[in-house]
Amino acid sequence: MRSLLNIFTLFTILLFLNSCGNSNLQAQQDVVEDSTELASSENIEVEVIEESIFIEDIGEREPTDDEIREFGIISNIEDGIYPMFIVTIEFPEREFQMDFNLNMEYANIDPKSIDLLIGKYASFYYTSELENRLIDMHFQGKSLMGDYAPEVSDNWKKVNGVLSGAESPTISDLPGSISITDKSGEVFEFEYYVDEMMVKANGQEVNAFYTLRGVEDITYLRVSEY
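Computed from a predicted model, the values in this text were never measured in an experiment. Residue indices follow the written sequence of each chain, beginning from 1 at its first position. Whole-chain, interface and lining totals are the exception, using all residues; otherwise, since this is a predicted model, local features are given only for residues with pLDDT of at least 70 and side-chain atom pairs are given and counted only at 80 or more. To get the side-chain values, all heavy atoms of the structure are used, and hydrogens and water are removed first.

**Student:** I'd like to hear about the pairing of strand S3 (residues 96-103), residue by residue, with values.
**Tutor:** Here is the key point about a regular strand: its side chains alternate between the two faces of the sheet. A pair of strands counts as paired when DSSP detects no fewer than two bridges linking them. Put simply, DSSP H or I for four residues or longer makes a helix, DSSP E for two residues or longer makes a strand, and each gets a number counted from the N terminus. Where strand S2 (residues 84-91) and S3 come together, 8 bridges link them in antiparallel fashion. Directly across from Ile86, in S3, lies its bridge partner Asn101.

**Student:** Quick one: what's the story with a nonpolar patch on the surface, residue by residue and with numbers?
**Tutor:** A cluster of nonpolar residues, Ile81, Leu174 and Tyr193, forms a patch on the protein surface that exposes about 240 Å² of accessible area. Counting through the fold element by element, Leu174 comes out in the loop between strand S6 (157-164) and strand S7 (176-181). Residue burial is assigned from relative accessible area. The probe radius is 1.4 Å, only protein chains are included, and a residue is buried under 20% of its type maximum, exposed over 50%, and partly exposed in between. Leu174 gets classed as partly exposed once you look at its relative accessible area, which sits at 38%. Patch criteria: residues need more than 30% relative accessible area and no salt bridge. Like-charged residues are merged within 9 Å; nonpolar side chains of Val, Leu, Ile, Met, Phe, Trp and Tyr are merged within 5 Å. Residue burial considers only the protein chains on display, and all accessible areas are found by Shrake-Rupley using a 1.4 Å probe. We count a salt bridge whenever a side-chain nitrogen from Lys or Arg sits within 4 Å of a carboxyl oxygen from Asp or Glu.

**Student:** Would you mind going over the nonpolar core in detail, with residue names and values included?
**Tutor:** In this structure, Leu134, Met137, Leu163, Ile178, Ile180, Phe190 and Met198 are the most contacted members of the largest nonpolar core, which totals 19 residues. Looking at this core, the elements with two or more residues in it are strand S4 (121-139), S6, S7, strand S8 (187-192), helix H2 (196-201) and strand S9 (205-223). Contacts of Leu163, omitting those with residues within four sequence positions, involve Met137, Ile178, Ser179, Ile180, Met198, Ala201, Asn202, Gly203, Gln204 and Val206. Ranked by size, the runner-up nonpolar core spans 17 residues in total, among them Ile77, Phe100, Met104 and Leu117. What is meant by a nonpolar core is a set of buried Ala, Val, Leu, Ile, Met, Phe, Trp, Tyr and Cys residues, joined one to another through side-chain atoms within 4.5 Å. Two residues form a contact once any of their heavy atoms are found within 4.5 Å.

**Student:** Give me the packing of aromatic side chains: which residues, what numbers.
**Tutor:** Here is the rule: rings of Phe, Tyr and Trp (six-membered ring for Trp) pair when centre to centre is within 6.5 Å. Planes less than 30 degrees apart are stacked, more than 60 are edge-to-face, and the remainder are tilted. Inspection of every chain in the model, using the stated rule, returns 10 aromatic pairs. Between Phe91 and Phe124, the ring centres sit 6.5 Å apart and the planes meet at 35°, which makes this aromatic pair tilted. Separated by 33 residues along the polypeptide, Phe91 in strand S2 and Phe124 in strand S4 bring together distant segments of the chain. Of the two residues, Phe91 and Phe124, neither departs from the other in class, the shared state being buried. When the ring of Phe100 is compared with that of Tyr126, the centres are 4.9 Å apart and the planes differ by 70°; the resulting orientation is edge-to-face. Taken together, the residues Phe100 in strand S3 and Tyr126 in strand S4 connect sequence positions 26 residues apart.

**Student:** Describe the side chain of Glu70, with residues and values.
**Tutor:** Within the secondary structure, Glu70 sits in strand S1 (residues 68-79). Within the structure, Glu70 has its side chain in polar contact with the side chain of Arg94 (distance 2.8 Å). Ignoring anything within four residues of it in the chain, the contact list for Glu70 reads Phe91, Arg94, Ala122, Ser123, Phe124 and Tyr126. Polar contacts here mean pairs of N or O atoms no more than 3.5 Å apart (in protein, one a potential hydrogen donor and the other a potential acceptor; neighbouring residues in sequence count only if both atoms are side-chain atoms).

**Student:** Go over the pairing of S8 with me, naming the residues and quoting the values.
**Tutor:** Of the two faces of S8, the one holding Phe188, Phe190 and Tyr192 is buried and the one holding Val187, Glu189 and Glu191 is not buried anywhere. The sheet contact formed by S7 and S8 spans 6 bridges and is antiparallel. Pairing of Thr181 across the sheet is with Val187, part of S8. Taking the residues that link successive antiparallel strands as the turn, the S7-S8 hairpin has 5 residues, and the phi of Gly185 there is positive, at about 95°.

Structure representation (structure tokens):
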């Protein structure tokens, strides 16, 4: 009788161990399957990020009061002085194209993928402002450009006043900001690369020759599915 009891007990223990083994095996398989699915989803996400033009999806927004809404084809992109790029956008229906400035430090576009924009339709907003473009500056009757001085044109504007902001030569890739204050107190600002000759004229009375030009800066851009 005791022998039968021992055999029954041993049989019960074997069944329990087998059940536990199967459960552990199934749990391990579940973990492997879950890990495989997770790795697969992560790989898909990485591929999407690598193929994405945008660093982050900023979503749609309405233009502000000083922004102009446009839609066209990006036909060319050229490197400017970093971080600026010159983006040429074509408007087929109106049969013309325009150049716009794009500052990569403020855009939501990956610089490494910017060439992927060429040939695509894009919705964008931009601002348009008039900017003083300095052509020549005279100090004590002589051009500060020396042998590179252009011939004076009747189409140029002229301002006489005291030069400021040219304390030292420009050492960055971007132009410095200088200004001329006339006798009435009006200030004329210019973006220009200051050199040693201009430094000598800082704080002195000068004659500046300039023109006005339009500056168009892209403030928002998204590739369209159109």
